[in-house]
Amino acid sequence: MSQRLVIDPITRIEGHLRIEVVVDDNGVVTDAYSGSTLWRGLETIVKGRDPRDIGFFMQRICGVCTFSHYNAGISAVENALGITPPLNAILTRTLMNTALFMHDHPVHFYQLHGLDWVDIVSALSADPHAASQEAFRYTDLPYACGEDQLKAVQQRVKAFVEKGALGPFANAYFGHSTYKLTPEQNLIALSHYLECLRIQRTAAQMMAIFGGKQPHPQTLTVGGVTCVMDILSPARLGEYMVKFQEVADFINRAYYPDLLMAGGAYANEASVLNDVGVANLWTHQTFQYSRNDFLFQSGVILDGDISKVHELDESKITEEATHSWYKNDKPLHPYDGEQEPNYTGFKVEQTLNAKGEMEDTKVLNTEGKYTWIKAPRYDGKSLQVGPLSNIVVNYAKGNEFVTKVVDKFLADTGLPLEAVFSTLGRTACRMIEAKVVADNGLLAFNNLIANIKSGDTETCAKYTIDKKKSYKGRYIGHVPRGSLSHWCRIENGVIQNWQAVVPSTWNASPKDAQGNMASYESCLIGLKIADLTQPLEIIRKIHSYDPCIACAVHVMDTKGNELSSYKVNPNIKD
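Q: Could you give me a rundown of the packing of helix α12 (residues 400-413) against helix α13 (residues 423-440), with the residues and numbers involved?
A: Two numbers describe how α12 lies on α13: the axes approach to 10 Å, and their chain directions differ by 130 degrees. Taken together, the axis directions place α12 and α13 in an arrangement best described as oblique. For the element pair α12 and α13, the recorded crossing hand is right-handed. For the pair formed by α12 and α13, the contact residues are F401, V402, V405, V406 and F409 on the first element and A428, M431, I432, K435, V436, D439 and N440 on the second. A class-by-class count of the residues in the contact of α12 with α13 yields 9 nonpolar, 1 polar and 2 charged.

Q: Account for the nonpolar core, with residues named and values stated.
A: Grouped together as the largest cluster of nonpolar side chains are 129 residues, with contacts concentrated most on M102, F169, F210 and W498. Residue contacts for F210: discarding those within four places in its chain leaves T92, L95, M96, T219, C227, D230, I231, L237 and Y240. Core analysis: the next-biggest nonpolar cluster, separate from the first, contains 23 residues, V21, L352, L527 and I538 among them.

Q: Before we move on, can you summarise the layout of surface pockets with the specific residues and values?
A: Vacant regions in the atomic arrangement are exposed by a probe of water-molecule size rolled over the atoms. Looking at the second largest pocket, its volume works out to about 630 Å³. In terms of lining residues, the second largest pocket is bounded by 25 residues, among which N71, S75, Q288, F294 and Y475 are the most central. Taken together, the residues that form the lining of the second largest pocket break down as 9 nonpolar, 13 polar and 3 charged.

Q: Lay out the packing of helix α4 (residues 87-113) against helix α8 (residues 183-211) in plain terms, naming residues and giving numbers.
A: Helices that pack against each other are described as a pair by the angle of their axes relative to one another and the distance between those axes. At a closest axis distance of 9 Å, the pairing of α4 and α8 adopts a crossing angle of 160 degrees. Our classification of the angle between α4 and α8 gives roughly antiparallel. Once α4 is placed against α8, the crossing between them reads as left-handed. Facing T92, L95, M96, A99, L100, M102, H103, P106, V107, Y110 and Q111 of α4, the residues of α8 in contact are A189, H192, Y193, C196, L197, Q200, A203, A204, M206, M207, F210 and G211. Broken down by class, the residue content of the contact of α4 with α8 amounts to 17 nonpolar, 6 polar and no charged.

Conventions adopted
Residues numbered from 1 in each chain as written. Predicted model: local features only at pLDDT ≥ 70, side-chain atom pairs only at ≥ 80, totals over all residues. Heavy atoms only, no water. Axes fitted to C-alpha atoms, helices over the stretch in contact; angles between N-to-C directions. Helix = DSSP H or I, 4+ residues; strand = E, 2+ residues; numbered from the N terminus. Parallel < 35°, antiparallel > 145°, perpendicular 65-115°, else oblique. Left-handed = near helix turned anticlockwise from the far one by under 90°. Contact = heavy atoms within 4.5 Å. Nonpolar A, V, L, I, M, F, W, Y, C, P; charged D, E, K, R; others polar. Core = buried A, V, L, I, M, F, W, Y, C linked by side-chain atoms within 4.5 Å. Buried < 20%, exposed > 50% of the residue type's maximum accessible area, 1.4 Å probe, protein only. 1 Å grid on protein atoms, 1.4 Å probe; cavity = no way out; pocket = protein on both sides within 12 Å on 5 of 7 lines; lining within 4 Å. Points joined across faces, edges and corners; volume = space filled by probe spheres on them.

Here you go:
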């Protein structure tokens, strides 16, 4: 007899995500549903506002990748108005994006996704001397893996346990049968977890050098950047380079070796293999490091066929709301998108709780509408976006920046190329992407210095907005979680329509009118869950996408009951 399993909320992500699966008598997933339970609404908020202000609103979509939406909001308006920013501004934005990627990916693996692979309790029984020796299997220069350092790490975490709590490591499924690292390997990763807490501060400071602060930098403007004094300051440039080198060192000596370690340990773990989800992959060029060159290139791969990379046809992108809480169900191009809410609520059904007991639970009404996320499609097809898509597309195109790192990683692990099409591969590709950025991030830095030395100090292009004209434009680019696009229409000098199609919209979307799944739902089908009361396998798969569900502020009581509801018209002028 089939039963429904509800995981809500999915923790260690940005935003609010609910996963529901139907499992058979053998604990195998036969159907899956991904639902976001809070409404973003920012597209509605910006209607009627000055286009030059929209980037500041859009960066509030997310509390993590704030620069991505800030840059997208500014760039979409620039595209609509026909503005090309000066090279200094382009390269400065690339340096800020570099800081974001080098911050985001290590933090995702260690602080968010790492506990899906690393058993912290197991690390407490490790032999620090043996762990220190083990670290040399993956790099000639292990990071924070001296015997004394590992012993100190062990004692710090044991202190949590002796107080009756695991602190930041609480509420995990430690001891689960699908954990594969040895105690010594777990201790190595635990040391790097703690080190990453320090490194992420340095990465945030990198962003603040040119952005003013992090999160929510403030130095982008339509036409260019405003951090002129920082760009022209040798001291500030030198500070960026030093911090870049510190973070790059962590990526190369900790992050890369830990994925080698995990790749070997999990090479035969069925729950993380052969589960690509959607095999249609899309990425878009990003990291412009000169007047005409990008670190990563664009392309679409269909049905997992890496022998051919297609160019994107923007006219084929649509969003529909058959199973989303909006009124208009039709597939609409983002330029014409609508988001009038139509919340239809939940239903009550018997589900299995964490104690293994059946109880009445509010569940998604999966026959109708069950999420605030729309269903973006490309020529009617679901696409997967993210580091896996970016690395595979660029590898297929022969991008030398990427092939060099991928070939080395495959050689170091002994894994075949096909292993990339999996949860394990998706996690490895995020590290590979971070390493490509770390290995080549100073290209834009050096070109910025060379351009300034040539006498070019321009940082912002001139432009005008004709209130009698209609404009439309978009930003498309690859950000830490995948392909991001913002689409706008400008009428009478103000925003008439704005649509943001974020990476997690592509990956976490509900079924469309034809019943086609997106990647979150698809990758769960056929998964065998060892213990229905500890669905680590599901969480590990979903975390591999680094979910960034739309941010929201909400209030609830400890039992999850609604306290009050408020309706605000954001367009009322004082």
